[in-house]
Amino acid sequence: MVGYDPEAKCVSTVEAAVAGSASGLVTRVLISPLDVIKIRFQLQIEQLSSRNPGAKYHGILQAVHRIFQEEGLVAFWKGHVPAQFLSVGFGAVQFMAFESLTKLVHNITSYDARDSFVHFVCGGLAACTATVAVQPVDTLRTRFAAQGEPKVYRNLRHAVVTMYQTEGPQAFYRGLTPTIVAIFPYAGLQFSFYNILQQFSEWVIPAEGKKGGNVKNLVCGSCAGIISKTLTYPLDVFKKRLQVGGFEQARAAFGQVRIYRGLLDCIRQIIREEGPGGFFKGLSPSLLKAAVSTGLVFFWYELFCSLLCALKHTDSTKR
């Protein structure tokens, strides 16, 4: 049910927004620990290796143990409130825009709304729309996940007021350029590969063996997430580094800090000091997160859409 289907016509644009926000909410609760670990890895200047004495984190299990030991279990859900606003808002806008765009393509062009290329373009545009809408919340989420002890921001309101007073309104849109550059191909590839994998599974699995639809959605979504994340990962690192600009004092406990003047300066400093491997710091937890989160987003979205369709069918039958 991802994308406009002229034959089904089951889910409206508003219902797509509801299903998208609900899938984002449930998924965020489950993948938050992986997100925190990924952000910590991305922001670490030192090499992610146990051979580097200055490195605070050098592996997923070691990072889990250290974060739990130093900050407690709740640290894995640091920044969870703004992250939930991000997930719910992003999911609603993205799926609503995607349904609207694929419907528009079907109505005014000769392209098939179910075509993989259409899903790539519409998925990228839908994600860009959602990104602009929720970028301030994403910046807040990153800062909460990145700060150590003692905390710089006591709560969400304190963070908003402090950032606005000390850095100005532009602070909420730091990292927007690499985010937009990265999100179009990332989301486009997600939707496109999900569509391709769904079509492939329908071709491979015989008609009588198509009962495990929910499992199929989960597997196709996970594979689409891994492929798209691997291809676009360096841009996510640039975004995270830029988002914590002006926040260096809260990073002191985690190791070295750097000040970047912009996207190109960030790229130059990383390649000079950390080498090409610096572009892929945190890739392991990120791929794990991408597989889990993308799989769950599509799984829950399809499930919620099915429930909404079933409720509509039940209501119409009663009438």
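Above this text is the structure in question.
Remember, predicted model here, so these are calculated numbers, not experimental data. (Residues numbered from 1 in each chain as written. Predicted model: local features only at pLDDT ≥ 70, side-chain atom pairs only at ≥ 80, totals over all residues. Heavy atoms only, no water.)

Our next topic: the overall build of the chain. In terms of helices and strands, the chain carries nine helices and zero strands. Along the chain, from the amino end to the carboxyl end, the secondary structure elements read α-α-α-α-α-α-α-α-α. The buried share among the 319 residues of the chain stands at 50%. The long-range fraction of contacts in the chain, counting pairs at least 24 apart against all pairs at least 6 apart in sequence, stands at 79%. Here the chain has roughly 15,000 Å² of accessible surface; of this, 66% comes from carbon and sulfur atoms. (Helix = DSSP H or I, 4+ residues; strand = E, 2+ residues; numbered from the N terminus. Buried < 20%, exposed > 50% of the residue type's maximum accessible area, 1.4 Å probe, protein only. Contact = heavy atoms within 4.5 Å. Areas by Shrake-Rupley, 256 points an atom, 1.4 Å probe, with all protein chains shown as cover.)

Right, let's talk about the pattern of salt bridges for a bit. Applying the stated criterion to the full structure yields 15 salt bridges. Salt-bridge contacts for Asp 236 lead to Lys 229; the nearest nitrogen and oxygen are separated by 3.6 Å. Between Asp 265 and Arg 261 there is a salt bridge, with its nearest N and O atoms 3.4 Å apart. Look at the salt bridges and you will find they share partners, linking Arg 28, Asp 35, Lys 38, Asp 138, Lys 229, Asp 236, Lys 239 and Lys 289 into a network. (Salt bridge = Lys/Arg side-chain N within 4 Å of Asp/Glu carboxyl O.)

Inspection of the entire model under this criterion finds twelve aromatic pairs. For the ring pair Phe 191 and Phe 298, a centre distance of 5.6 Å and an interplane angle of 85 degrees mean the geometry is edge-to-face. In this pair, Phe 191 is assigned in helix H6 (residues 176–204) and Phe 298 in helix H9 (residues 283–318), connecting sequence segments 107 residues apart. For Phe 298, a relative accessible area of 2% gives the class buried. Clustering of aromatic rings is evident, with ring pairs tying together Phe 95, Phe 98, Phe 191, Tyr 194, Phe 298 and Tyr 301. Over the ring of Tyr 186 we find Lys 229; its NZ or CZ atom is 4.5 Å from the centre of that ring. (Phe/Tyr/Trp six-rings, centres within 6.5 Å; stacked < 30°, edge-to-face > 60°. Lys NZ or Arg CZ within 6 Å of the ring centre and 35° of its normal.)

Next up on the list: the side chain of Gln 84. Mapping Gln 84 onto the fold places it in helix H3 (residues 80–108). Excluding residues within four positions of it along the chain, Gln 84 makes contact with Gly 24, Leu 25, Arg 28 and Val 29.

Before going further, it helps to examine the environment of Arg 143. As for its position among the elements, Arg 143 is in helix H4 (residues 116–146). Owing to a relative accessible area of 0%, Arg 143 belongs among the buried residues under this scheme. With 64 residues separating them along the chain, Arg 143 and Gly 79 place their C-alpha atoms 7.6 Å apart.

Attention shifts here to a nonpolar patch on the surface. A contiguous nonpolar surface patch, about 560 Å² in accessible area, is contributed by Leu 25, Val 29, Leu 30, Phe 68, Leu 73 and Trp 77. Here the element with the most residues in the nonpolar patch is helix H1 (residues 13–43); it accounts for three residues. Tracing the chain through its elements places Leu 25 in helix H1. By relative accessible area, Leu 25 is classed as partly exposed at 41%. (Patch = residues over 30% accessible without salt bridge, like charges linked within 9 Å, V, L, I, M, F, W, Y side chains within 5 Å.)

What follows deals with the environment of Leu 43. Examined against the element boundaries, Leu 43 turns out to sit in helix H1. By relative accessible area, Leu 43 is classed as buried at 5%.

With that out of the way, let us pick up the nonpolar core. Among the nonpolar cores identified, the biggest contains 17 residues, and Val 2, Phe 95, Phe 98, Phe 191, Tyr 194, Phe 298 and Tyr 301 are the most heavily contacted of them. Going through the elements one at a time, H1, H3, H4, H6, helix H7 (213–243) and H9 are the ones with two or more residues in this core. Sorting elements by how many residues they give to this core places H3 first, with four residues. Dropping the residues within four chain positions of it, Phe 191 is found in contact with Val 2, Gln 94, Phe 95, Phe 98, His 119, Gly 123 and Phe 298. Within the second largest apolar cluster, ten residues are counted, among which are Leu 86, Phe 90, Cys 128 and Tyr 186. (Core = buried A, V, L, I, M, F, W, Y, C linked by side-chain atoms within 4.5 Å.)

A few words on the packing of H1 against H7. Any two packed helices are characterised by how steeply their axes cross, that is the angle between the axes, and by the distance between the axes. Two elements in contact, H1 and H7, have axes separated by 9 Å at closest approach and are oriented at 80 degrees. One way to sum up the angle between H1 and H7 is to call them roughly perpendicular. Residues Lys 38, Ile 39, Gln 42 and Leu 43 of H1 form the contact with H7, whose own contacting residues are Tyr 233, Asp 236, Val 237, Lys 240 and Arg 241. Grouping the constituent residues of the contact of H1 with H7 by class yields four nonpolar, one polar and four charged. (Axes fitted to C-alpha atoms, helices over the stretch in contact; angles between N-to-C directions. Parallel < 35°, antiparallel > 145°, perpendicular 65-115°, else oblique. Nonpolar A, V, L, I, M, F, W, Y, C, P; charged D, E, K, R; others polar.)

Our next topic: the side chain of Gln 44. For Gln 44, the position within the fold is in the loop between H1 and helix H2 (60–71). Among the polar contacts listed, one links the side chain of Gln 44 to the backbone oxygen of Tyr 57, at a separation of 2.8 Å. (Polar contact = N/O pair within 3.5 Å; in protein donor to acceptor, adjacent residues only side chain to side chain.)

Another point: the packing of H6 against H7. H7 packs onto H6 with a crossing angle of 170 degrees between their chain directions and a minimal axis gap of 8 Å. One finds that H6 runs roughly antiparallel with respect to H7. Pair H6 / H7 crosses with right-handed handedness. Residues belonging to the contact of H6 with H7 are distributed by class as follows: 17 nonpolar, nine polar and four charged. (Left-handed = near helix turned anticlockwise from the far one by under 90°.)

In short, the description is geometric, and any link to function would need to be established separately.
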